[in-house]
Structure formats: structure tokens, C-alpha cells
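Results of the structural survey
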Amino acid sequence: MTRREAIHILTERLIPLYETDEARSIARATVAHLAGISRSALVADPDAPFTPKDGGTAETVLEAAARRLEAGEPLQYLLGEAEFYGRRFRVGEGVLIPRPETEELVAWIAHDEKGPVRMLDIGTGSGCIAATLALEIPDAEVYAADISDRALEVAAGNALELGARVVFRRADALKELAEAFPEPFDVLVSNPPYVPESDRAGMHTNVRDHEPALALFVPDDDRIRFYRAIARAGQRMLRPGGRLYFEIYEHAAEEVIRMLDEERYTGTILRRDLFEKPRMICSKKSR
């Protein structure tokens, strides 16, 4: 079996789940990973034999990968990594996969926050926000929190591998956050759970059935619960003039802005992502 044939077989298996171009892209990434070669090497010599890097026959290894992907498992879990801000972060079951829109939030913070600021990433997941900010703002003192022991383990490993200085602690964003982090902060940043439960059924199976529900879903009748809890904790945790940065659910922007006003934050700025969806907010603690 050649690499080209392996890609074709896997693409045909995935077309029922994905659009043709996406199925082909996933197939190429998978075959390159299984062969232990770069995607550029795959493109350069597609008719070379498909030889799995970890042993086993081509047919057996390809079949095992196809079954995982057909079951809706995200490609990033099969690869064991995801790209974020030009770096590779290890991911796996129980850890939210980094999203491109979160890169936009990080770019905003990295541009606006300079010097020796103290920052806390709440709900760190893979650690992509915390580690990236630590690397992009060398003078920053970065902390990160998550309620999941699995996420904290993966995040700490990513920070270590990337050489990012981050202090990790287990904490619940909905309660006792200030007790877990008594240090005064200049910046709180969070991409918290925000998808209403009513949206669950309409989501793609690779997200709905495989990524951690704890990091995704909130009750329909309290969909900004994490934003409210973090904003209230921020009144204790932030220095005067300290900033909150949130990635938000696009349909809850006005609700979050009203809440921040009620919680005595000022100068709230709403930004849209590359697709013109309202997805990011920055607000300041009143002095």
C-alpha cells in the first residue's frame, strides 16, 4: 500500500462524517502521523510505501486509526497534539482542544499587556493560553487554574516542554477562586464553559461526544454563570484598574456586558473575531 492509497482509503471512510476536503485533510494528517513523517514529506513522495512508524502492517494500523476517527474521535486526540499560536500542545481525552478564536484573544492580550504584569488563566485546559502568554510576555508572572486534575497534568507538561514559566493550581472557577490565588493580579483571562445545553445536540460528534463536557457546557437558564463568578472574584483578586479578558459565547455578548456593568467594571471593549462574530471582551475593575 502506498501513502497515496492509504490517504484515499481513509478519505472514503471519513466522507460520511465530514465534507470531502476536510475528510481528505484529516486523512493526510493521519497518514503522515502514522508514518512518522512531516506533511511536506508526504506531499513530496505520495507514492512511497506506507510504512507505519510503530510497526504493524499498513492495513492493521490504518484500520485502527479509521475506526477511531469514524467513531468521531477528534483528529487532535489521535495525533496527541494541537497547534496553537505556532506551537505544539499535547492534548488527549479529558482536555479541551485549543481553538483558533482563542489565539485571537491571546494576540489581543499579548499586544496590550506589557511589562511585569501578574496574570491568571482560569480554566486553563491544555495550558495553551497561560503558556503562550508566559512566552509572548517574558516579564509576565503567569498563574493558571483548572478544576480538572487531568487538564492540570497535561497543561503542566506542556509548559515544561515549551519552557514556559507558569504556576498551576487546582481551583474551581465558580467558588473559592480568590482563596486559591490570594496574590493580587493585574489580569484575569478565561475561556470558560459557555455552550448552552440546548446546543449540545446540534454539535458535531467529535466535540459533543469526545471533548470534556465540563469544559464546554452550561445550563440554558444560567449560561453566563462562569463569567459572573469570575467577575465577582475579580473584585477581590484584581488590583485597581486590573483587566478581565474573556472569550465569550457569541449570542451572550450583551448579557455579559450588562453583567460586567452591574459588577462595577468599566470601559468594556467588545471585539469580533475574523468571522465578525462577537467573541472577546476586555473590562476594567473600577478604581
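The sections below set out a description of the structure shown in this document. (Residues numbered from 1 in each chain as written. Predicted model: local features only at pLDDT ≥ 70, side-chain atom pairs only at ≥ 80, totals over all residues. Heavy atoms only, no water.)

Here's the deal with the pairing of strand β3 (residues 118-122)
Where burial is concerned, most of β3 is hidden: five out of the five residues are buried. Residues Arg118, Leu120 and Ile122 line one face of β3 and the alternating positions Met119 and Asp121 line the opposite face, and both faces are buried. Pairing geometry for β3 and strand β4 (residues 141-146), over five bridges, is parallel. Following the sheet pairing, Leu120 is matched in β4 by Tyr143. (Buried < 20%, exposed > 50% of the residue type's maximum accessible area, 1.4 Å probe, protein only. Helix = DSSP H or I, 4+ residues; strand = E, 2+ residues; numbered from the N terminus. Pairing = 2+ DSSP bridges.)

Some details on the sheet that holds strand β6 (residues 185-190)
Reading across from one edge, β5-β4-β3-β6-β9-β11-β10 is the order of the seven strands in this open sheet, with mixed pairing throughout. Each of the sheet's edge strands pairs with one partner strand only, and the pair in question is β5 (166-170) and β10 (265-272). For this sheet, the mean angle separating the axes of adjacent strands, direction not counted, is 20°. Where strand β9 (residues 238-247) lies against strand β11 (residues 278-285), five bridges are found, and the strand directions are antiparallel. Bridging from a neighbouring strand, Glu247 pairs with Met280 of β11. Along the sheet face, helix α6 (residues 100-112) touches β3, β6, β9, β10 and β11 and points at about 155° away from the line of β9. Along the sheet, helix α11 (residues 225-237) contacts β3, β6, β9, β10 and β11; its crossing angle with β9, the most-contacted strand, is approximately 160°. (Axes fitted to C-alpha atoms, helices over the stretch in contact; angles between N-to-C directions. Contact = heavy atoms within 4.5 Å.)

A look at α11
An ideal rise of 1.5 Å per residue puts 18 Å on 13 residues; α11 measures up with 18 Å between its terminal C-alpha atoms. Looking at α11, one finds that the buried residues are Phe226, Tyr227, Ala229, Ile230, Ala231, Ala233, Gly234, Gln235 and Met237. (Expected span 1.5 Å × (residues − 1).)

A look at the packing of α11 against helix α12 (residues 253-262)
Running from amino to carboxyl end, α11 crosses α12 at an angle of 25°, the nearest separation of the two axes being 10 Å. By the angle between their axes, α11 is roughly parallel relative to α12. Judged by the sense of rotation from one axis to the other, the crossing of α11 with α12 is right-handed. Contacts from Tyr227, Arg228 and Ala231 in α11 reach Val256, Met259 and Leu260 in α12. Class assignment for the residues of the contact of α11 with α12 results in five nonpolar, no polar and one charged. (Parallel < 35°, antiparallel > 145°, perpendicular 65-115°, else oblique. Left-handed = near helix turned anticlockwise from the far one by under 90°. Nonpolar A, V, L, I, M, F, W, Y, C, P; charged D, E, K, R; others polar.)

So, the packing of aromatic side chains
How two aromatic rings sit relative to each other is given by the distance of their centres and the angle of their planes. Evaluated as defined, the whole model comprises eight aromatic pairs. Measuring from centroid to centroid gives 5.5 Å for Trp108 and Tyr245, while their planes differ by 90°, and the two rings are edge-to-face. You can see Trp108 sitting in helix α6 and its partner Tyr245 sitting in strand β9, a full 137 residues away along the chain. Across this residue pair, the class does not change: Trp108 and Tyr245 are buried. A network of ring pairs unites the aromatic residues Phe84, Tyr85 and Phe89 as a single cluster. The lysine or arginine in question, Arg200, covers the ring of Phe217, its NZ or CZ lying 4.0 Å from the ring centre. (Phe/Tyr/Trp six-rings, centres within 6.5 Å; stacked < 30°, edge-to-face > 60°. Lys NZ or Arg CZ within 6 Å of the ring centre and 35° of its normal.)

Looking at helix α4 (residues 58-70)
With 13 residues, α4 should cover 18 Å at 1.5 Å per step; its first-to-last C-alpha distance of 18 Å lies within 8% of that length. Considered for burial, the residues of α4 that qualify are Ala58, Val61, Leu62, Ala65, Ala66 and Leu69. All buried residues of α4 lie within an arc of 135° about the axis, which places them on one face of the element. The exposed set on the far side of α4, more than 90 degrees from its buried face, consists of Thr60 and Arg67. Elements in contact with the buried residues of α4: α1 (3-14), α2 (20-35) and α5 (75-79). Phi turns positive one or two residues past the end of α4, at Gly72, with a value near 95°. (Arc of directions from axis to C-beta.)

Focus on the pairing of β11
A large share of β11 lies buried, amounting to seven of its eight residues. In the sheet, β10 pairs with β11 via six bridges, with the strands oriented antiparallel. By the bridge assignment, Ile269 is partnered in β11 with Cys282. The turn linking β10 back onto β11 is made up of five residues, and Glu276 within it adopts a positive phi angle of 65°.

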